[in-house]
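An overview of the molecular structure
Letter by letter, the chains look like this.
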Amino acid sequence: MTPAPLAPELLPGHRGGIDDRPAPTMTTDLAPLLFLPGLLNDAVLWRASIDALADRAAASVADLTLDDSVAAMARRTLAVAPPRFGLVALSMGGYVAFEILRQAPERVTRLALFDTAAAPETTERAATRRQGMDQLKVGRFAGVTTRLLPKLVHASHVHGPVGEGVKAMAERVGGAAFLRQQRAILDRPDSRPTLATIRVPTLVAVGADDVLTPPALAREIHQGIAGSCLHVLDKCGHLPPLERPEATGALLREWLEA
């Protein structure tokens, strides 16, 4: 599929059209940071993190809803990104981060990976994804249902503002983008062979209760990237920026100031 024309998805303090608050005042000492959302996530995923780093970082959030391959997502992001930047990514965003490091490693100054994997899709997970895609083609997009939430967030967050926020994000992203993102995830390359080539300061973090990309996958990334730091967040599922915003912000500040 031919990717859609390039658009200005990356703006300082950009929040995907969701938040109309003015961006933080920018000065030359702010570090350019590029945030990459996950499947069915938008800029709201990173809102608390961006706010927590407002005095240290010039933040941009990539739009990963427009393309159906991680290579195209990476190219679109690089086309409008700052010349050099730190990368903060979650889940599918991590797959795009690895691709950005393949396409333009010289532009990445540091890397933070949350709840993602370097390995390609397993046969079992691929079958589940294709089943969901087939159901959408013949029915209405259901978004993230209450039944699905326990796979995304810790049990303590299923009922409440975090769970409602996850469902709202999925509705905003929509079914067409969901299909594009699923195709990109299914076809992503194996990033394990390139882990050893990553030489920038790297944070690897994961929710202790993440069932989609469990801690074992985070440890594999940590072991593959020399000098990386690994953090496991207690009572947290697949979405630490929403479930543990203060802890996520603290980890990112420590990583940014190291």
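Reading guide: rules and limits
Residues numbered from 1 in each chain as written. Predicted model: local features only at pLDDT ≥ 70, side-chain atom pairs only at ≥ 80, totals over all residues. Heavy atoms only, no water. Helix = DSSP H or I, 4+ residues; strand = E, 2+ residues; numbered from the N terminus. Buried < 20%, exposed > 50% of the residue type's maximum accessible area, 1.4 Å probe, protein only. Polar contact = N/O pair within 3.5 Å; in protein donor to acceptor, adjacent residues only side chain to side chain. Phe/Tyr/Trp six-rings, centres within 6.5 Å; stacked < 30°, edge-to-face > 60°. Lys NZ or Arg CZ within 6 Å of the ring centre and 35° of its normal. Salt bridge = Lys/Arg side-chain N within 4 Å of Asp/Glu carboxyl O. Pairing = 2+ DSSP bridges. Axes fitted to C-alpha atoms, helices over the stretch in contact; angles between N-to-C directions. Contact = heavy atoms within 4.5 Å.

**Re the side chain of Asp67**
- Structurally, Asp67 can be placed in the loop between strand 2 (57-61) and helix 2 (70-80).
- Asp67 gets classed as buried once you look at its relative accessible area, which sits at 2%.
- Within the structure, Asp67 has its side chain in polar contact with the side chain of Arg76 (distance 2.6 Å).

**Section: the packing of aromatic side chains**
- All chains considered together, the criterion is met by three aromatic pairs.
- Ring centres 6.0 Å apart and planes at 70° place the aromatic pair Trp46 and Phe114 in the edge-to-face group. Here Trp46 is found in the loop between strand 1 (31-36) and helix 1 (47-52), whereas its partner Phe114 is found in strand 4 (residues 108-114), with 68 residues between them in sequence. In this structure, Trp46 and Phe114 share a single accessibility class: buried.
- On the basis of an interplanar angle of 40° and a centroid distance of 5.6 Å, the ring pair of Phe141 and Phe178 is categorised as tilted. Here the residue Phe141 occupies a position in the loop between helix 4 (123-138) and helix 5 (149-152), and Phe178 occupies one in helix 7 (residues 175-186), the gap between them amounting to 37 residues.
- Three or more aromatic residues joined by ring pairs form one cluster here, namely Phe35, Trp46 and Phe114.
- Against the face of Trp255 rests Arg110, its NZ or CZ located 5.6 Å from the ring centre.
- Its guanidinium or amino end placed over the ring of Tyr95, Arg188 lies 4.0 Å from that ring's centre, counting from NZ or CZ.

**Quick notes on the pattern of salt bridges**
- Summed over the entire model, instances satisfying the criterion amount to eleven salt bridges.
- Across the pair Glu220 and Arg192 runs a salt bridge whose closest N-O atoms are separated by 3.9 Å. Of this pair, Glu220 sits in helix 8 (residues 215-224) while Arg192 sits in the loop between helix 7 and strand 5 (202-207), and the two are 28 residues apart along the sequence.
- The exposure class of Glu220 is partly exposed, given its relative accessible area of 27%.
- Of the charged contacts in the structure, one is a salt bridge between Arg253 and Glu257, with a shortest N-O distance of 3.1 Å. In this pair, Arg253 and Glu257 are both assigned in helix 10 (residues 245-257), four residues apart and thus about one turn of the helix distant.

**Let's talk about the sheet that holds strand 3 (residues 85-90)**
- Spatial ordering of the open sheet is given by 2-1-3-4-5-6, a layout of six strands whose pairing is parallel. Only two strands of the sheet have a single partner each, and these edge strands are strand 2 and strand 6 (229-233). Adjacent strand axes in the sheet meet at a mean angle of 20°, parallel and antiparallel pairs treated alike.
- Looking at chain direction, strand 5 and strand 6 are connected through five bridges and run parallel. By the bridge assignment for strand 6, Leu203 is matched with Cys229.
- Against the sheet, helix 3 (residues 92-103) contacts strand 1, strand 3 and strand 4, and its axis sits at roughly 145° relative to strand 3.

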